Amino acid sequence: MYLTKNELEIMDVMWAAEKPLSRGELMERSVDKSWKSSSVHILLNSMLSKGAICEAGFARCGKTCGRTYAAAVTVEEYYASTLDSTRTQPEAGKLFIATAKALNLTKEQIAEGIEALKSCL
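Residues numbered from 1 in each chain as written. Predicted model: local features only at pLDDT ≥ 70, side-chain atom pairs only at ≥ 80, totals over all residues. Heavy atoms only, no water.

### Structural notes on helix α3 (residues 40-50)
Then step 1. Among the residues making up α3, those that are buried are Val40, Leu43, Leu44 and Met47. Take α3 and look down its axis: the buried residues cluster within an arc of 95 degrees, on one side only. Within α3, the exposed residues directed more than 90 degrees away from the buried face are Ile42 and Ser49.
Then step 2. Backbone geometry just after α3 places Gly51 at a positive phi near 85 degrees. (Buried < 20%, exposed > 50% of the residue type's maximum accessible area, 1.4 Å probe, protein only. Helix = DSSP H or I, 4+ residues; strand = E, 2+ residues; numbered from the N terminus. Arc of directions from axis to C-beta.)

Set out below in structure tokens:
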């Protein structure tokens, strides 16, 4: 799944919210957005078709009701899915090292990650 810069900005808001958001709530929480408010429906529809978000229900918005949206993938699942789009598959060990360095992980966080990986085996 590939998301544009604007779609990733919306995903960041949804991931931080940890609850379904209406279009209005999304707009209120998107203070540093680079996209125009008038294009939010286009972005949401694109994200729905990509499977990045899903409809979560309805919420009362003033005198009307509006759809609410939730992230359909976690931040970790999204970034892991971007690895599938590379032409050359990275070596697992080197990938883990590069990721740990890029995220400035502590020894404790690395140990936690190792334990989580062991539980997958």
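After presenting the structure, the write-up continues.
### Remarks on the packing of aromatic side chains
Then step 1. Scanning the entire structure with this criterion turns up two aromatic pairs.
Then step 2. Ring centres of Trp15 and Tyr78 lie 6.3 Å apart, and the angle between their planes is 40 degrees; this geometry places the pair in the tilted category. Residue Trp15 is found in helix α1 (residues 5-17), and its partner Tyr78 is found in helix α4 (residues 75-82); the two are separated by 63 residues along the sequence. Accessibility assignment for this pair places Trp15 and Tyr78 in one class, buried.
Then step 3. Seen from their ring centres, Tyr78 and Tyr79 are 5.0 Å apart, and the 75 degrees between their planes marks the pair as edge-to-face.
Then step 4. Relative accessible area serves as the criterion here: at 4%, Tyr78 is assigned to the buried category. (Phe/Tyr/Trp six-rings, centres within 6.5 Å; stacked < 30°, edge-to-face > 60°.)

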